[in-house]
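Understanding the architecture of this molecule
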Amino acid sequence: MQPSGIMVLGCPDCGGVGTYQGCSSWNTLGARQWTDGWISARMKPDLPQVVQCIHCDRAHWIRDAVILEKYSSYKVPESAPEEWRRAAKVKSPDEQEYYNAIREGLGRDQEHDLQLRTLVWHVSNHPYREPAEGLAPPPESGERWDNLCAMLALLEDGEGRVALQKAEVLRQLGRWQESLAALEQVNEPDYEQFVLAIRAGCQARNTLVIELPRTE
Ligand SMILES: [Zn+2]
């Protein structure tokens, strides 16, 4: 994993400053993957697409942030203004902050709304990625549930990736027959492991996210 130089970003809402360090190269060697499309790999950074501003407590898309400066170094240099040197790294919203941002209209159109809802869906699945004794399944109501229903409304009928995401959302809603029907629209060999895992999940009446077999 090769980090790129540090950037100083300004919040588009309040102008508050934060830093961001991207990555110029990474790989997914030894990656772990789950049925919701989440990938975790030691050599793949989890860079925020949405930022929760620590100054005004509002969320914004990282691409809407104002680029104040880009450095080739990994650290803000001593010659920079003190505010920049002291600035904290920008961070993604937590689950509740994402729901607040969706309510406040950060989704702005169908495509962004689905993107935002997919991001918070991944976060809401995090507690269930490692099988844990005594962990209660997510409730069948509340904001997580409403988000699944809203995603379903946004996912148009289609094939491949869209159908795969739809099948997984339907499975997590416990709508087994509809999930299995959506899987029929997925024929790409690349998605075979996903199809097998989601189908097995439906058969086992399991609504939790499932880790795919590791390929190492
Ligand atoms: Zn702000």
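Residues numbered from 1 in each chain as written. Predicted model: local features only at pLDDT ≥ 70, side-chain atom pairs only at ≥ 80, totals over all residues.

**A short note on the domain arrangement of the protein chain**
Applicable threshold: Boundary definitions for the domains trace back to an automatic or database domain assignment. Placing C-beta atoms from the backbone, we regard two residues as in contact once those atoms come within 7 Å. Amino acids outside the nonpolar list (Ala, Val, Leu, Ile, Met, Phe, Trp, Tyr, Cys, Pro) and the charged list (Asp, Glu, Lys, Arg) are all regarded as polar, and Gly is one of them.
Under the domain assignment used here, the protein chain contains domain 1 (2–86) and domain 2 (110–203). The straight-line distance from the C-alpha centre of domain 1 to that of domain 2 is 28 Å. Taken residue by residue, the interface counts seven residues in domain 1 and twelve residues in domain 2. Residue classes in the side of domain 1 that touches domain 2 are distributed as three nonpolar, three polar and one charged.

**Regarding the sheet that holds strand β1 (residues 2–10)**
Counted only if it meets this: What makes two strands pair is DSSP finding at least two bridges between them. Secondary structure elements are taken from DSSP: a helix is a run of H or I of four residues or more, a strand is a run of E of two residues or more, and numbering for both begins at the N terminus. Under this scheme, a helix contributes an axis fitted over its contacting stretch, all axes are lines through C-alpha atoms, and angles between N-to-C directions fall in the 0 to 180 degree range.
Taken in spatial order, the three strands make up an open sheet running β2-β1-β7, and their pairing is antiparallel. Strands at the two margins of the open sheet, each flanked by one partner only, are β2 (17–25) and β7 (66–70). Going from strand to strand, the sheet's axes swing by 40° on average, the running direction of each strand aside.

**A short note on the packing of helix α3 (residues 110–125) against helix α4 (residues 143–154)**
How two helices pack is summed up by the angle between their axes together with the distance between the axes. Put simply, the test is: For a crossing to be left-handed, the near helix must be turned anticlockwise from the far one by less than a right angle; the clockwise case is right-handed.
Running from N to C, α3 and α4 point in directions that differ by 140°, and their axes come no closer than 10 Å. Crossing hand, α3 versus α4: left-handed. For the pair formed by α3 and α4, the contact residues are Q110, D113, L114, R117, T118, V120, W121 and S124 on the first element and R144, N147, A150, M151 and L154 on the second. In terms of residue class, the contact of α3 with α4 is built from six nonpolar, four polar and three charged.

**Here we look at helix α6 (residues 176–183)**
The periodicity of an α-helix, 3.6 residues per turn, causes residues three or four positions apart to be oriented the same way. Put simply, the rule is: Exposure classes come from backbone-placed C-beta atoms, where a residue is buried if 20 or more other C-beta atoms lie within 10 Å of its own, exposed if 12 or fewer do, and partly exposed in between. Within this analysis, the arc is defined by the directions that extend from the helix axis to the C-beta atoms.
Looking only at α6, the buried set comprises S179, A182 and L183. Buried positions in α6, seen along its axis, are confined to an arc of 105° and lie on one side of it. For α6, the elements touching its buried residues are α5 (160–172) and α7 (192–203).

**Quick notes on the nonpolar core**
Just so we agree on the cut-off: Nonpolar cores are identified as sets of buried Ala, Val, Leu, Ile, Met, Phe, Trp, Tyr and Cys residues joined via C-beta atoms within 7 Å.
With 39 residues, the main nonpolar core has V51, Y98, A101, L116, M151, A167 and I198 as its most contacted residues. Among the elements of the structure, β1, β5 (50–52), α2 (95–103), α3, α4, α5, α6 and α7 are those that each provide at least two residues to this core. Two domains each donate at least three residues to this core, and these are domain 1 (2–86) and domain 2 (110–203). What V51 contacts, discounting residues up to four positions off in sequence, is A59, H60, I62, A65, V90, K91 and S92.

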